[in-house]
Amino acid sequence: MNTEKRNFTDEFESPDFYAIDDLLTEEHQLIRSSIRDFVKKEITPFIEGWAEKNHFPEEIVKKFGDTGAFGPTLPEEYGGGGLDYISYGLIMQEIERGDSGMRSTASVQGSLVMYPIYAYGSEEQRKKYLPKLASGEMLGCFGLTEPNHGSDPGEMETNFRDMGDHYLLNGAKMWISNAPKADIAVVWAKNEEGRIHGLIVEQGMEGFTTPETHGKWSLRASATGELVFSDVKVPKENMLPNKSGLGGPLGCLDKARYGIAWGATGAAMDCYDAARRYTLEREQFGRPIAGFQLVQKKLAEMLTELTKAQLINWKLGKMMDEDKATTAQISLAKRNSVETALNIAREARQIHGGMGITGDYPMMRHMMNLESVVTYEGTHDIHLLILGAEITGIPAFK
Ligand code: TGC
Ligand code: FAD
């Protein structure tokens, strides 16, 4: 695969209109600048080529591991970073500033694979998998969504039977990030009593296949696929022993949705910054388009919404650190950031005129990526309903 570096200089300058940097510690700022440098060196020069060619750069997994992007909040004894949630948010923001698909790889690995093994797994499972996942020696995926069940995962059909010395797993998962390249999958399935459990399924187990999903116009640099289980014999020691019920996968989603709130804001920052610079360079009617009121209105509104999202993310991070953030608060942030980012990407694309539809600028790719981000980890409307249930006490899902 040709992963040729483009003739491209990443001139990104981070918008920080409300001096949110003042709320960050020196350590936070160091972490952010090291991930920002990593993204400028390893992602932005190549990303348009990867996305154009629908190519997942497998070598990025080890590089993410080396840079500490996998499981940053998990304890160091398991290979994690022992960092707080603001650090985690900043890491996701910087990676998604580069590309949402790259952030997907990192957030699935950290929040949806390492977190459940850490929080619900046995000590043996933690020791066996976490250090290799943290270093990028191993890649994982998370199988919750099914062909017939997306927003209603509680209705899942994937199931396993207790065969005495092993479990027999049958069913299928769909739309699974990292699946075609993953060494292990954390799979959610029902037992004979209909209770949901997490199982660690390893690549190479007989009857387990991971066909790739083709034809995506979104997250093109991320590998998406199915997980198909046909009488897969899963060793009993591969069940996550310390949690059952839908709360297991939903608990992981809380962590990942938090990361997405920061990540989508990163994509928005990239689009805003590109638009601001373009308006100063591009001249029409004999002067920079930055001087036209309608263009200034777009930029001013973009910056306003971006600043609100940055402040929400920071405050949510503090609540995550205190273990006080609720699912509904996380929904508000995920929903707000992704909507903000989509609007900013669309406005920034318009500001670039015809040039905005090319890969010479990042908005079109961010915009297409964000169409997945607004759908996965709970759709925009599901998060609205989570908020509605919190406000009224009446769930309106069913
Ligand atoms: P409901 O009756 O509300 O709850 C069922 C059980 O779960 C418990 N629970 C939670 N536990 C921990 N954390 C949370 N956030 C929880 N939310 C609920 C709840 O207490 C109950 O426990 P128990 O013991 O009584 O059984 O469930 P429901 O069936 O009515 O569904 C509610 C709904 C719609 C909000 C939920 O199912 C939902 O969030 N649907 C959206 C599905 C979703 O987000 N899928 C994401 C798939 S993974 C993915 O997209 C990865 S993309 C990654 C990438 O590439 O970056
Ligand atoms: P559906 O649930 O069929 O929803 C269709 C529409 O109906 C939506 O607009 C929805 O909001 C609406 N709707 C549904 N229920 C209601 C209701 N009660 N009230 C009002 N409106 C409703 N899943 C994983 O498990 N692991 C992954 O790694 C993963 N990665 C993904 C990567 C990509 C690129 C994509 C696109 C998806 C990924 N997903 C993953 C799946 C994702 O979580 C689901 O697509 C999402 O939860 C929505 O499910 P669905 O696509 O089946 O849509």
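Residues numbered from 1 in each chain as written. Chains lettered and ligands numbered in written order. Predicted model: local features only at pLDDT ≥ 70, side-chain atom pairs only at ≥ 80, totals over all residues. Heavy atoms only, no water.

One can find L246 in the loop between strand 7 (224–235) and helix 7 (247–281). Distance from L246 to H197, taken between C-alpha atoms, is 8.2 Å for residues 49 residues apart in sequence. When neighbours within four sequence positions are excluded, L246 is seen to be in contact with P153, G154 and I196. (Helix = DSSP H or I, 4+ residues; strand = E, 2+ residues; numbered from the N terminus. Contact = heavy atoms within 4.5 Å.)

Here we come to the site of ligand 1. Among the 26 residues in the neighbourhood of ligand 1, the closest are listed as S104, S177, R257, T327 and E377. Contact between ligand 1 and S151: a nitrogen atom at 3.0 Å from a main-chain N or O atom of the residue. Between ligand 1 and the protein, one listed contact pairs a nitrogen atom with a side-chain N or O atom of D254 at 3.1 Å. Surface burial for ligand 1 is 70%, taken as the share of its 1200 Å² of free accessible area covered by protein chains. At the level of secondary structure, the elements contributing two or more residues to the shell around ligand 1 comprise helix 5 (100–120) and helix 7. The element that contributes the greatest number of residues to the shell around ligand 1 is helix 7, accounting for six residues. In terms of residue class, the shell around ligand 1 is made up of 11 nonpolar, 10 polar and five charged. (Near = heavy atom within 4 Å. Polar contact = N/O pair within 3.5 Å; in protein donor to acceptor, adjacent residues only side chain to side chain. Areas by Shrake-Rupley, 256 points an atom, 1.4 Å probe, with all protein chains shown as cover. Nonpolar A, V, L, I, M, F, W, Y, C, P; charged D, E, K, R; others polar.)

Structurally, W50 can be placed in helix 2 (residues 47–52). The spacing of W50 and S222 is 172 residues in sequence and 9.1 Å in space, taken between C-alpha atoms.

Our focus in this paragraph is the domain arrangement of the chain. Often the size quoted for an interface is simply the accessible area lost on bringing the parts together. Domains assigned within the chain are domain 1 (20–135), domain 2 (140–238) and domain 3 (247–392). On a C-alpha basis, the centres of domain 1 and domain 3 stand 20 Å from each other. Between domain 1 and domain 3, the residue contacts involve 27 residues of the former and 35 residues of the latter. Summing the contributions of domain 1 and of domain 3, the shared interface buries around 2600 Å²; its carbon and sulfur component is 63%. At the boundary of domain 1 and domain 3, one finds three salt bridges. (Domains from an automatic or database assignment. Buried area = accessible area lost by both parts, 1.4 Å probe. Salt bridge = Lys/Arg side-chain N within 4 Å of Asp/Glu carboxyl O.)

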